[in-house]
Amino acid sequence: KTGHMMFGVEVKECRDFLTKTGRNPGSKMAFLKFEDASCTLEDVVIFPEQFALFAKYLRPGNTVIVQGDRDAKRGSLIVKNVWQA
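Keep in mind the model is a prediction, meaning the values are calculated, not measured.

Trainee: Give a description of the pattern of salt bridges that names residues and reports values.
Mentor: Under the defined criterion, the tally for this structure stands at six salt bridges. Of the charged contacts, one joins Lys 12 and Glu 35 as a salt bridge, the two residues approaching to 3.8 Å between their closest N and O atoms. Pair noted here: Lys 12 is in strand β1 (residues 3-18) and Glu 35 is in strand β2 (residues 28-35), with a separation of 23 residues, a long-range link. Residue Lys 12 is classed as partly exposed on the basis of its relative accessible area of 36%. For Glu 35, a relative accessible area of 29% gives the class partly exposed. The shortest N-O distance in the salt bridge between Lys 33 and Glu 42 comes to 3.9 Å. Residues joined in a network through salt bridges with shared partners are Glu 10, Lys 12 and Glu 35.

Structural data, given as structure tokens:
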């Protein structure tokens, strides 16, 4: 599915790193792995602006509600909002 999505998941993994290029080189962003009762999402990306706002919720074992868009070109989920469940 492509486009806008929202669902509740458990954070399984959060690998953050510093960007080398883009609007703010040296900013933190992350690759995430989410899981729920039906599937595992491994290709999840959160860019620096959103990561700065929501990093506190993205700890392994934490349950969150995620809103994002599916990138049709790469097939990854790009996180736009996160709420503590």
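Trainee: Can you break down a nonpolar patch on the surface residue by residue, with the values?
Mentor: Taken together, the side chains of Met 6, Ile 65 and Trp 83 make up a nonpolar region of the molecular surface, amounting to roughly 280 Å² of accessible area. The topology assignment puts Ile 65 in strand β4 (residues 63-70).

Trainee: So, the pairing of strand β5 (residues 77-84): which residues are in play, and what are the values?
Mentor: Walk down a regular strand and you will see the side chains alternate between the two sheet faces. Pairing of strand β3 (residues 40-46) with β5 involves two bridges; the strand directions are parallel. Bridge pairing links Val 44 to Leu 77 in β5. Across seven bridges, the pairing between β4 and β5 is antiparallel. Residue pairing across strands places Gly 68 opposite Val 79, the latter belonging to β5. Connecting the antiparallel pair β4 and β5 is a turn made up of six residues, with Gly 75 showing a positive phi of about 80°.

Cut-off values and rules
- Residues numbered from 1 in each chain as written.
- Predicted model: local features only at pLDDT ≥ 70, side-chain atom pairs only at ≥ 80, totals over all residues.
- Heavy atoms only, no water.
- Salt bridge = Lys/Arg side-chain N within 4 Å of Asp/Glu carboxyl O.
- Helix = DSSP H or I, 4+ residues; strand = E, 2+ residues; numbered from the N terminus.
- Buried < 20%, exposed > 50% of the residue type's maximum accessible area, 1.4 Å probe, protein only.
- Patch = residues over 30% accessible without salt bridge, like charges linked within 9 Å, V, L, I, M, F, W, Y side chains within 5 Å.
- Areas by Shrake-Rupley, 256 points an atom, 1.4 Å probe, with all protein chains shown as cover.
- Pairing = 2+ DSSP bridges.

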